[in-house]
Amino acid sequence: MSDETNHPNMTEIGYDEERGAVAVEEHGFDGHGEVVPAGDPFADPGLEPHRPRITDIDAKAAKRAERQVALLFALSAAATIGFMVAFTEIPRTAVVDFFPIGPVSASNFALGMLLGMALFSLGAGAIYWARTLMTDVEFPQERHRLESDPQARADAAAEWKQGVEDSGIKRRPLIRRTLLGALTVLPLPALWILRDLGPLPGDTLRHTAWKAGERIVNNNTVSLDGATGQGVRPEDLTIGSLVTARPQSALTAGEDFNNMMAKSAILLVRMDPADIKSKQERDWGYQGIVAFSQICTHVGCPVTLYEQQTHHMLCPCHQSTFDLTEDGKVIFGPAARSLPQLPITVDADGYLVAQRDFDAPVGPSFWERG
Amino acid sequence: MKSLSTRRRHPLAAFVVLALGLAFAGALFAAFVSPAADADTGETPAQQLANGKALYISSCSTCHGMNAEGSSLGPSLVGVGGASVDFQVSTGRMPAKQLGPQVQAKQTVFNAQQTGDMAAYIQSLGGGPGVPDSSLYALDDSKVSLGGVLFRQSCSQCHNFAGEGGALSDGKFAPALTQTDPKAIYEAMLTGPQNMPVFNDKVMPPAEKKAIISYLVTSRNEPNYGGAGLGRLGPVSEGLFIWTVGLIALLLFAVWIAAHTTKASAERVAKAAAAKAGK
């Protein structure tokens with residue numbers, strides 16, 4: 001036992017099948033391979049004497065424990081089967097009143113309880129098994145150096161050298177170079193297939209559905225199927241009004257609707273024109289009505305928390321706050337860019353329309369934006 | 001009487017006297033100060049305006065001015081309409097008791113008739129949205145789905161998807177709508193109290209206000225399909241619960257497992273040894 005590297009086998013970790021636990025206790029003290037100086041205050045105290053469990057000395061108790069573990073495993077299986085039954089048999093709309101929680105969906109409740117029971121019983125059975133019936137004899141496991149001995153290392157190095165020599169790779173540069181070349185191009189297909197991820201976005205991130213004369217449709221008047229909606233007249237908006245809106249073309253966008261609204265959602269706010277500090281913002285608005293992108297410039301949540309007295313527009317996700325009296329500039333929060341303003345005017349029929357598209361890309365910053 | 005005089009030196013006597021005194025003072029205060037019961041509503045419009053003006057001057061004019069022209073403490077009320085007065089007074093927000101980030105709902109001070117008188121007076125000053133008819137905010141079960149769409153579109157950002165309310169900036173907040181009277185919800189949309197935007201009848205037609213109210217009132221009685229609602233505040237309260245209560249429970253369970261030994265007691269070992277030797 002004194003030289004660990006020479007005995008990389010089971011006897012080293014201090015447990016011997018033939019001698020058993022008692023033998024381990026006897027030699028547990030000298031397992032370190034170091035001479036312990038007399039009077040060493042840090043002497044290794046060794047292992048405590050082994051104490052048997054009830055199940056080790058009483059066959060009846062052991063049998064009972066075995067049955068308990070089996071019962072837990074059987075319970076787990078039953079709960080798993082119950083889960084499958086509950087999944088198909090409990091009506092989706094059934095509601096049960098469960099005391100501390102109140103009315104909950106019977107299906108969700110049963111699925112959660114049964115899956116929980118299945119996993120818990122499995123875990124409880126495993127723990128109970130390990131603690132009552134699996135062996136609990138203590139033994140120290142000594143560590144040895146992971147490094148091979150110098151002779152083995154020298155042998156391996158010599159073999160490698162000999163192998164290189166035998167292969168002739170040094171003498172035959174043609175083979176060496178073609179092999180290296182083949183290995184170099186091998187990973188390229190993994191990159192090459194990425195081209196099928198689709199056409200590059202091009203300048204689509206810089207443009208929205210808004211264009212000159214595009215009518216602004218009040219979201220509140222859009223039917224549930226999204227096919228009809230009404231425009232907004234300036235006189236509809238009183239001071240302090242907030243309206244979320246979409247371009248008229250969104251009513252007929254069909255499958256493209258979500259892509260379109262991801263960029264084109266706007267909100268209209270009417271405030272006293274005297275409250276607007278920026279001349280550009282006044283010019284881009286109409287009699288105190290201003291239109292801003294609804295997409296937060298941080299990560300694209302819909303900003304709609306409008307405080308009509310402070311004219312602050314908050315984003316519900318990360319509390320970015322934009323000042324709608326000053327070109328939508330950021331006054332708090334993680335957003336890095338002002339909320340883009342949509343220049344608006346009134347068309348011949350008296351409805352609010354866009355003057356043109358946004359001047360700045362809407363939504364979160366992106367790589368190519370610079 | 002004799003028993004009273006013997007007990008007056010009892011150690012608790014002073015507390016009993018104090019409690020009786022406080023109860024008497026409280027009853028007296030309630031009798032004089034609490035809102036009078038609804039009187040008969042047989043007022044003529046002229047009386048209503050006169051009563052409303054008198055109440056306005058005694059309770060509102062300090063901040064809003066003698067002619068509702070406003071001051072540095074409160075905005076002008078010319079043109080805000082009777083709906084605004086009814087909302088502010090019937091929810092107890094006005095008269096305001098203290099300045100702060102936001103005037104909060106509290107116990108009402110005026111009864112329904114007094115509120116109506118003041119609403120009529122303010123309405124007479126410059127028009128504005130009037131107190132809505134009760135048919136406008138009656139529940140309509142067929143509009144719940146539309147109301148949900150509209151609520152999530154225009155209201156949920158501040159008031160939370162389940163109407164539980166939420167924080168705004170600098171101590172302001174959007175109140176919870178779980179107990180709010182449908183009439184007050186209608187009036188709030190109509191008039192945009194404090195920092196809430198205005199949703200007038202042109203941008204949010206009455207039928208849609210009705211749909212939103214139908215959705216809100218219906219959702220109050222909806223079961224929590226996923227189990228405990230935890231305030232219906234979403235992932236924040238759910239995460240907080242499971243990372244504190246759930247994790248601590250697991251830790252305690254692990255400690256409990258490790259703290260219980262499975263080893264046999266010494267006498268049990270001796271007994272087993274004796275039994276073995278006996279064989």
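Model, not experiment: these values are computed from the prediction.

Student: Got a minute to help me understand the interface of chain B and chain A in this structure?
Tutor: When the parts come together, some accessible area is lost, and that loss is often what is quoted as the size of the interface. Across the contact, 34 residues belong to chain B and 40 residues belong to chain A. Looking at the side of chain B that touches chain A, the elements with two or more residues in it are helix H7 (144-154), helix H8 (156-159) and helix H12 (266-278) of chain B. In terms of residue count, H7 of chain B provides more of the side of chain B that touches chain A than any other element does, five residues in total.

Student: Sorry if this is basic, but what is going on with the nonpolar core here?
Tutor: Nonpolar side chains in soluble globular proteins generally cluster together in the buried interior. Ile 216, Leu 268 and Ile 344 of chain A are the most contacted members of the largest nonpolar core, which has 85 residues in total. Sequence-distant contacts of Ile 216 of chain A, defined by excluding residues within four places in its chain, comprise Gly 231, Val 232, Ala 245, Leu 268, Ala 291, Ile 344, Leu 352, Val 353 and Ala 354 of chain A.

Student: I would appreciate a short explanation of the domain arrangement of chain A in the present structure.
Tutor: Segmenting chain A into domains produces domain 1 (1-146), domain 2 (151-185) and domain 3 (207-369). The distance between the C-alpha centroids of domain 2 of chain A and domain 3 of chain A comes to 67 Å.

Student: In this structure, what is going on with the domain arrangement of chain B? I would like to understand it.
Tutor: All names here are of chain B. When its domains are assigned, chain B resolves into domain 1 (43-131) and domain 2 (132-222). The C-alpha centroid of domain 2 is placed 22 Å from the C-alpha centroid of domain 1. Taken together, the contacts link 15 residues of domain 1 with 13 residues of domain 2. By residue class, the composition of the side of domain 1 that touches domain 2 is eight nonpolar, six polar and one charged.

Student: What is the right way to read helix H4 (residues 106-132) of chain A from this model?
Tutor: An α-helical turn contains 3.6 residues, so a residue and the one three or four places further along point in the same direction. Residue and element names in this part refer to chain A. For H4, spanning 27 residues, the distance from its first C-alpha to its last is 37 Å, which sits close to the expected 39 Å at 1.5 Å a residue. For H4, the full list of buried residues reads Ala 106, Phe 109, Leu 114, Ser 121 and Thr 132. Buried residues along H4 sit against helix H2 (54-57), helix H3 (59-89), strand S1 (95-98) and strand S2 (102-105).

Student: Sorry, what's going on with the sheet that holds strand S4 (residues 242-247) of chain A here?
Tutor: The strands that make up a sheet pair up through hydrogen bonds in the backbone, lying either parallel or antiparallel. All names here are of chain A. On the basis of which strands lie adjacent, the open sheet formed by five strands has the order S3-S4-S5-S6-S11 and antiparallel pairing. Unpaired on one side and paired on the other, strand S3 (216-218) and strand S11 (341-342) mark the two borders of the sheet. Relative to strand S6 (residues 289-293), strand S5 (residues 266-270) runs antiparallel, the two being bridged by five bridges. Looking at the pairing, Ile 266 lines up with Ser 293 of S6.

How each quantity is defined
Residues numbered from 1 in each chain as written. Chains lettered and ligands numbered in written order. Predicted model: local features only at pLDDT ≥ 70, side-chain atom pairs only at ≥ 80, totals over all residues. Contact = placed C-beta atoms within 7 Å. Helix = DSSP H or I, 4+ residues; strand = E, 2+ residues; numbered from the N terminus. Core = buried A, V, L, I, M, F, W, Y, C linked by C-beta atoms within 7 Å. Buried ≥ 20, exposed ≤ 12 C-beta atoms within 10 Å, placed from the backbone. Domains from an automatic or database assignment. Nonpolar A, V, L, I, M, F, W, Y, C, P; charged D, E, K, R; others polar. Expected span 1.5 Å × (residues − 1). Pairing = 2+ DSSP bridges.

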